[in-house]
Amino acid sequence: MKKTYYSKLGAILISFLIILSASAKDQSTDILSGYETKKIAEHTWFIPGPLEGPNPKNRGFMNNPAFVITEKSVIVLDPGGTVETGRAVLKRIRQQTKNPITHVFNTHVHGDHWLGNQAFVEANKDVKIYAHPKMIELATDGEAQVWIDMMMDRTKGASKETIATIPTEALKDQQEIKIDNITIKAHLNEKAHTLTDAMYEIVEDKVLITGDNAFNNRAPRLDDGSYIGNMAVLDKALKLPIEIVIPGHGPARGKEVLENFKEFLSLVYNTTKKQMENDLEAHEIKPKVIEVMGKFKDWTNYEGAIGKLVSVAALEIEENDF
Ligand SMILES: [Zn+2]
């Protein structure tokens, strides 16, 4: 009797230890493991990230960090959502080049794209970090802290070493920054995904980094933005002399990424508008939108996001009507 009791206790202890060591191993594996560095143009690389929101498994890594290797330097665009992600991106860059990282560009104020900045200041205190002037303003006025707190909460503490490293270099629309043999051209927007969006054209490589002005295979969040504004930005981007589009989330492709995402936005906005004109209530509109969105039904987060997207569209339509 006693013997069975002790062997049972032993078995429980052993399985407890296995679970403990497995979770310790989980924490020590590289945050980017399973996500390859991809060379997408002559000088441009990116790491296609997970499509889910921040959680304990992805530890706040959920965007598409990109980097450009110039003759003497490295340029980083959107280094990720935590300092832990930024440090892992830096390690990936080191697998390709020893050049110093001299410039970082951020696409907008949402922290999943830029809280990784901190890792690049740790590596080079003279690094210059650029963004839309409104991004710098809003991050400084409290948005940075909102994202720090949200990351801590959603990743269950995996982002604990992250502090806000807000860009200091405010860009102008159409500004070109020459870094050795590479030109980064900034395209600033007024109100699209947010009030703070910059898209970056890597001129020599014909690559466009859209930030969240374009999503691929994942439903967007448009609470801080505008359907009309975002669609106008996509039209503008379609006219640029680019061949490759790296969206804020999801796989990189050609300009079809822009067309596809514009279709997503226009289906939600125009169907909502039509049904409002038919005097349907908000809860009656959602199923009508779902009916026409079949092509996008498998996008990550679609089911969770579509109700909110319809309400955001309805608000914007009301604002535009009155
Ligand atoms: Zn965003």
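No experiment lies behind these values; they were computed from the predicted model shown. (Residues numbered from 1 in each chain as written. Predicted model: local features only at pLDDT ≥ 70, side-chain atom pairs only at ≥ 80, totals over all residues.)

Draft legend 1. Quick look at the sheet that holds strand β8 (residues 176-179). One open sheet accounts for five strands, arranged β8-β9-β10-β11-β12; its pairing is mixed. At either end of the open sheet lies a strand with only one pairing partner, and these are β8 and β12 (244-249). Pairwise comparison of adjacent strand axes, ignoring direction, gives a mean angle of 25° for this sheet. In this sheet, strand β9 (residues 182-188) lies alongside β8 in antiparallel orientation, the contact comprising four bridges. Its bridge partner being in β9, Ile177 is matched across the sheet by Ile184. Its contacts with the sheet put helix α6 (residues 227-238) on β10 (198-202) and β11 (207-215), and the angle it makes with β11 is roughly 165°. Along the sheet, helix α7 (residues 256-277) makes contact with β11 and β12, crossing β11 at roughly 15°. (Pairing = 2+ DSSP bridges. Helix = DSSP H or I, 4+ residues; strand = E, 2+ residues; numbered from the N terminus. Axes fitted to C-alpha atoms, helices over the stretch in contact; angles between N-to-C directions. Contact = placed C-beta atoms within 7 Å.)

Draft legend 2. Representation of the environment of Ala305 in the model. Along the chain, Ala305 turns up in helix α9 (residues 302-321). Taking C-alpha positions, Ala305 is 7.1 Å from Arg221, a pair spaced 84 residues apart along the chain. Those residues in contact with Ala305, other than ones at most four positions away along the chain, are Ala219 and Arg221.

Draft legend 3. Layout of the packing of α6 against α7. For the pair α6 and α7, interaxial distance at closest approach is 10 Å and the crossing angle is 155°. The orientation of α6 relative to α7 falls into the category roughly antiparallel. The interaxial crossing formed by α6 with α7 has left-handed handedness. Between α6 and α7, the residues in contact are Tyr227, Asn230, Met231, Leu234, Ala237 and Leu238 and Leu258, Phe261, Lys262, Leu265, Ser266 and Tyr269, respectively. (Parallel < 35°, antiparallel > 145°, perpendicular 65-115°, else oblique. Left-handed = near helix turned anticlockwise from the far one by under 90°.)

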